[in-house]
Amino acid sequence: DQITSAILPAGTILQTVNYVSTNNQVESTSSTFAASGEEITITPSSTSSKILVIAVWNASVNNASGAQAEGEYKLVGTTSGDLMLHRYQNYDYGGSGLAQTSTQNMTVLDTPGSTSAQTYAIHYRLMTGTSIKVSKGNMKTNMIAIEFKG
């Protein structure tokens, strides 16, 4: 007998896609969300499939002379749009300027309801401060997309 996805139980992993960035550091001073260039694409095999997306990246917000640096990162999907928003901030009580860098992550479960290719991308914007960065110091971004049978 041949194993087909039709006989597999819900929750079975059908496929995985892995992405490791080749981009260097990207930086923005804009208060408008922009694509970072860090993205992963997976094509679901069924409209009932669920897609688990895991994104891990190096984040940084900076303020050259003030007390507060704040930015936002979001994960955006082709069909579902904004899936998760993450605010990243730091405060320097001395007010002499700051740079905060750390590893950030987002994990979301999406049900796109489509068999068209789905792209999941990290977008970012500066809210307060001098700049916001993705992959500071050329650290790599890692993303995984896993299709589960619905």
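Residues numbered from 1 in each chain as written. Predicted model: local features only at pLDDT ≥ 70, side-chain atom pairs only at ≥ 80, totals over all residues. Heavy atoms only, no water.

Draft legend 1. Local environment of the side chain of K133. You can see K133 is positioned in strand β9 (residues 131–134). One buried charged residue, K133, remains without a salt bridge, the closest side chain of opposite sign being E27 at 4.2 Å. Residues contacting K133, with those up to four places away along its chain left out, are Q25, V26, E27, N58, A59, S60, N62 and Y73. (Helix = DSSP H or I, 4+ residues; strand = E, 2+ residues; numbered from the N terminus. Buried < 20%, exposed > 50% of the residue type's maximum accessible area, 1.4 Å probe, protein only. Lys, Arg positive; Asp, Glu negative; His and termini not counted. Salt bridge = Lys/Arg side-chain N within 4 Å of Asp/Glu carboxyl O. Contact = heavy atoms within 4.5 Å.)

Draft legend 2. Structural context of the packing of aromatic side chains. Inspection of the entire model under this criterion finds three aromatic pairs. Note on Y73 and Y124: the rings are 6.5 Å apart at their centroids and 10 degrees apart in plane angle, and the pair reads as stacked. In this pair, Y73 is assigned in strand β5 (residues 68–77) and Y124 in strand β8 (residues 118–128), connecting sequence segments 51 residues apart. Linked through ring pairs, W57, Y73, Y88 and Y124 together constitute an aromatic cluster. For K74, the ring lying beneath its charged end belongs to F33, and the centroid distance is 4.1 Å. (Phe/Tyr/Trp six-rings, centres within 6.5 Å; stacked < 30°, edge-to-face > 60°. Lys NZ or Arg CZ within 6 Å of the ring centre and 35° of its normal.)

Draft legend 3. Molecular detail of the environment of K140. Looking at the element boundaries, K140 is found in the loop between β9 and β10 (142–148). A sequence separation of 118 residues divides K140 from T22, and the C-alpha atoms of the two residues are 7.2 Å apart. The contact partners of K140, leaving out residues within four places of it in the chain, are V20, S21, T22 and V56.

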